[in-house]
Amino acid sequence: MASTWASSLLFTAVRPTDRPTAMRLYLIRHPVPLLPPTVCYGATDITVAPQELQRVLGALSTPPIASQAKLSQLPLGLPLYSSPLQRCRCLAEPLAAALSASALTFDERLVEMNFGDWEQKSWDQIARSEIDAWTADLVTYRPGAGETVLEMAHRVHAFHTQILAARQDAIVICHAGTIRMLLACQRHTSVHDIALHAASTTMKLAYGEPVIVDCV
């Protein structure tokens with residue numbers, strides 16, 4: 001399936017004259033996973049339905065309307081980074097081929113937060129007292145005895161620092177929590193502040209839709 005789609009996608013490169021000179025990151029959330037929306041999931045490795053992968057690949061390859069052309073096109077020949085979880089990998093591999101990516105790297109630091117014992121439980125199965133405890137301590141509480149937001153912030157910040165040092169535009173396929181964390185890295189230098197900002201934001205991120213960030 002992946003190789004078939006890679007050969008059928010058409011992309012148009014963004015020319016340097018089309019935008020400012022700032023380094024640009026294209027952050028893309030993975031397709032909808034095969035799991036009910038009422039279920040808590042993070043580091044669990046969940047697959048994607050073939051038709052959903054087809055939908056996202058088709059949307060990313062559709063020529064944008066004229067007014068959005070400068071923002072919507074995915075450039076050719078950039079490095080592509082991805083979470084290794086299969087809901088990201090299944091998109092990253094055909095997309096990298098279609099875009100003639102200069103490199104495809106699967107980076108563990110991009111994985112979604114690990115919710116420990118909460119993973120794959122319906123939210124209404126999780127004790128209200130546990131959710132309240134997390135709400136009271138967003139940064140250092142361990143949901144389900146898993147990962148803290150602060151721990152996730154440290155690894156995502158390390159990735160962000162490394163990618164900024166490269167000073168090269170890049171495409172990143174990952175998760176909603178990771179994208180929020182990367183956006184917080186643009187606003188703050190303190191890892192604690194990054195974690196708090198990411199945990200506090202209510203920004204909704206559509207599946208398979210690019211979020212474009214210019215880094216100065």
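The coordinates are above.
(A) Region of interest: the pairing of strand 1 (residues 23-29). Of all seven residues that make up strand 1, seven are buried, and the element is covered over most of its length. Burial of the side chains of strand 1 extends over both faces: M23, L25, L27 and R29 are buried on one face and R24, Y26 and I28 on the other. The pairing of strand 1 with strand 5 (residues 210-215) spans six bridges and is classified as antiparallel. Counted as the bridge partner of L25 is V213 from strand 5. Across five bridges, strand 1 lies against strand 4 (residues 170-174) in parallel orientation. Within the sheet, the bridge partner assigned to Y26 lies in strand 4 and is I171.

(B) The state of the cysteines, seen in detail. Evaluated as defined, the whole model comprises zero disulfides. In this structure C215 is a free cysteine whose sulfur lies 9.9 Å from that of C185, the closest cysteine sulfur available.

(C) The arrangement of the pattern of salt bridges in detail. Applying the stated rule across the entire model yields seven salt bridges. The salt bridge involving R128 is made with D132; its shortest N-O contact spans 3.0 Å. Of this pair, R128 and D132 both sit in helix 5 (residues 128-136), four residues apart, which is roughly one turn of that helix. One salt bridge in this structure joins R155 and E147, with 2.9 Å as the shortest N-O distance. The buried category is assigned to R155, whose relative accessible area is 16%.

(D) Structural view of the side chain of R24. Inspection of the secondary structure assignment puts R24 in strand 1. In this structure the side chain of R24 is engaged in a polar contact, spanning 2.8 Å, whose partner is the side chain of D214.

(E) The arrangement of the packing of aromatic side chains in detail. The final tally for this structure, using the stated rule, is five aromatic pairs. Plain terms: the ring middles of W118 and W123 are 6.0 Å apart, the flat faces sit at 75° to each other, and that makes the pair edge-to-face. Classification of W118 as buried rests on a relative accessible area of 2%. By way of ring pairs, the aromatic residues F115, W118, W123 and W134 are connected into one cluster. Against the face of Y207 rests R29, its NZ or CZ located 3.8 Å from the ring centre. The residue whose ring lies beneath R89 is F106, and the NZ or CZ to ring-centre distance is 3.8 Å.

(F) A look at the packing of helix 6 (residues 149-166) against helix 8 (residues 191-200). In contact at an axis separation of 9 Å, helix 6 and helix 8 are set at 115° when each is read in the N-to-C sense. What the angle tells us is that helix 6 and helix 8 run roughly perpendicular. Here helix 6 and helix 8 pass one another in a crossing that is right-handed. For the pair helix 6 and helix 8, contact is made by V149, L150, A153, H154 and H157 and by V191, H192, I194, A195 and A199, respectively. By residue class, the composition of the contact of helix 6 with helix 8 is seven nonpolar, three polar and no charged.

Cut-offs applied
Residues numbered from 1 in each chain as written. Predicted model: local features only at pLDDT ≥ 70, side-chain atom pairs only at ≥ 80, totals over all residues. Heavy atoms only, no water. Buried < 20%, exposed > 50% of the residue type's maximum accessible area, 1.4 Å probe, protein only. Helix = DSSP H or I, 4+ residues; strand = E, 2+ residues; numbered from the N terminus. Pairing = 2+ DSSP bridges. Disulfide = S-S within 2.5 Å. Salt bridge = Lys/Arg side-chain N within 4 Å of Asp/Glu carboxyl O. Polar contact = N/O pair within 3.5 Å; in protein donor to acceptor, adjacent residues only side chain to side chain. Phe/Tyr/Trp six-rings, centres within 6.5 Å; stacked < 30°, edge-to-face > 60°. Lys NZ or Arg CZ within 6 Å of the ring centre and 35° of its normal. Axes fitted to C-alpha atoms, helices over the stretch in contact; angles between N-to-C directions. Parallel < 35°, antiparallel > 145°, perpendicular 65-115°, else oblique. Left-handed = near helix turned anticlockwise from the far one by under 90°. Contact = heavy atoms within 4.5 Å. Nonpolar A, V, L, I, M, F, W, Y, C, P; charged D, E, K, R; others polar.

Bear in mind that shape data such as this cannot, by itself, settle questions of function.
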